[in-house]
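# Geometric and topological summary
The residues making up each chain are set out below.
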Amino acid sequence: MEIAFLGMGLMGAPMAANCIKAGHDVVVYNRTPEKNEPLVKLGARAAATPAEAVRGRRMTLICVEASEDVEQVIFGENGIVHGMPQSGEPPFVVVDHSTISPIATEEFAKRLKNDFGALYLDAPVSGGTVGAQQGTLTVMCGGPLEAFERARPVLEAMATSITHIGTRNGDGQKAKIINQVVVAINCLATDEAVRLGQALGLDMDKVLSAITKGAAGSWSLQNLGPRWLAGDFEPGFRLRHLLKDLGYCSESIDHLEDKNAEYPAIWLALGIVARAVQAGYGDENIHAMEKIFE
Ligand code: NAP
């Protein structure tokens, strides 16, 4: 397929690379142009703006950072709406892989449909940079079935678990929020368990190897526990991005009709992550959240 791909960050670059390797014809755009170079070596063409990237194409994928960044690459000064075809068949499809607000997502989808005749699929991913490199991501999609079916061949180049969560735009982002709640609370549990084990004088390599095979086992314990012990906080998933995602979770809870609903573990995780980002650990991997207690 002929596609554009906007955002060559830790996730977007390997995702775009897998699209190219699967035989898709890809135009890449990144705000910092140097990050396009490895993709150009793989066979992509680089564009100077999002508008230029989508010219003559009928689909774009996006993997930038937060709601306001997605808004900028779509509707901003040099955004895709200034370059994409606004008539003819099939309709233009925007696939957003960034993790952003479900509420903003609904609004972007409405604007694209009403003002530009385009379809929108929110398609946030899980699986980290390793999943992005290996093409084994999990994708959670929200939006019209037509957009999902059109995007499927490209999604298959990047992911092994692809689910159409629902036909409402925002359903994919809501599913991603649920994913992030589990990620944040599991990470907190891992950090705290390892710190306590060390304080109790245990050989934590041995303890981790024992307990990851039992009822306590989780992706977090298996992957982040050893990294805490090794002092390895190199970012795969930045802590400030987890704070962003828990912010979208908090916004979604605020929009619930039931104002008495209680989610104490979410507030605890959010508070700790916010303090850690404030303390300067935002660009480290998420398990740096408990460094503030060291
Ligand atoms: P990253 O390495 O920080 O990259 C962010 C990308 O967004 C960069 O290409 C950046 O361009 C671009 N960008 C940010 N604001 C922009 C703007 N206003 N206009 C144009 N481009 C903009 O982040 P990442 O880890 O790839 O994450 C990308 C998204 O995927 C986030 O929403 C994140 O929450 C989500 N995600 C990440 C992971 C993970 O493990 N890392 C896993 C699942 C989901 P520059 O290069 O110019 O800065």
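The shown structure was predicted, so the numbers you read here are calculated from the model rather than taken from an experiment.

## A closer look at the environment of Ile100
On the secondary structure map, Ile100 appears in the loop between β5 (93-96) and α5 (102-116). Residue Ile100 is classed as buried on the basis of its relative accessible area, which comes to 0%. Distance in space between the C-alpha atoms of Ile100 and Val183 is 16 Å, their sequence separation being 83 residues. When residues no more than four places from it in sequence are discounted, the contact partners of Ile100 are Glu65, Ala66, Ser67, Val70, Thr105, Phe108, Tyr120, Gln173 and Tyr248.

## What to know about the site of the ligand
With respect to spatial proximity, 26 residues lie near the ligand, and among them Asn30, Thr32, Lys35, Glu65 and Gly236 are the closest. Arg31 is positioned with one of its side-chain polar atoms (N or O) 2.9 Å from an oxygen atom of the ligand. The greatest single-element share of the shell around the ligand, amounting to 3 residues, is contributed by helix α4 (residues 67-75). The residue makeup of the shell around the ligand includes at least three contributed by each of domain 1 (2-167) and domain 2 (175-293).

## Some remarks on the state of the cysteines
Within this structure, the stated rule accounts for 0 disulfides. Looking at Cys19, it has no disulfide partner, and the nearest cysteine sulfur is the one in Cys63, 11 Å off. Between Cys249, a free cysteine, and Cys187, which holds the nearest cysteine sulfur, the sulfur-to-sulfur gap is 16 Å.

## Details of the domain arrangement of the chain
Looking at the chain, the domain boundaries give domain 1 (2-167) and domain 2 (175-293). One C-alpha centre belongs to domain 1, the other to domain 2, and the line joining them spans 28 Å. Across the contact, 15 residues belong to domain 1 and 15 residues belong to domain 2. Applying the counting rule to domain 1 against domain 2 returns 1 salt bridge. Put simply, Arg240 and Glu65 hold a salt bridge, and the shortest N to O gap is 2.4 Å. Between domain 1 and domain 2 we count 7 residue pairs in polar contact (both at pLDDT 80 or more) in total. A class-by-class count of the residues in the side of domain 1 that touches domain 2 yields 9 nonpolar, 5 polar and 1 charged.

Rules used throughout
- Residues numbered from 1 in each chain as written.
- Predicted model: local features only at pLDDT ≥ 70, side-chain atom pairs only at ≥ 80, totals over all residues.
- Heavy atoms only, no water.
- Helix = DSSP H or I, 4+ residues; strand = E, 2+ residues; numbered from the N terminus.
- Buried < 20%, exposed > 50% of the residue type's maximum accessible area, 1.4 Å probe, protein only.
- Contact = heavy atoms within 4.5 Å.
- Near = heavy atom within 4 Å.
- Polar contact = N/O pair within 3.5 Å; in protein donor to acceptor, adjacent residues only side chain to side chain.
- Domains from an automatic or database assignment.
- Disulfide = S-S within 2.5 Å.
- Salt bridge = Lys/Arg side-chain N within 4 Å of Asp/Glu carboxyl O.
- Nonpolar A, V, L, I, M, F, W, Y, C, P; charged D, E, K, R; others polar.

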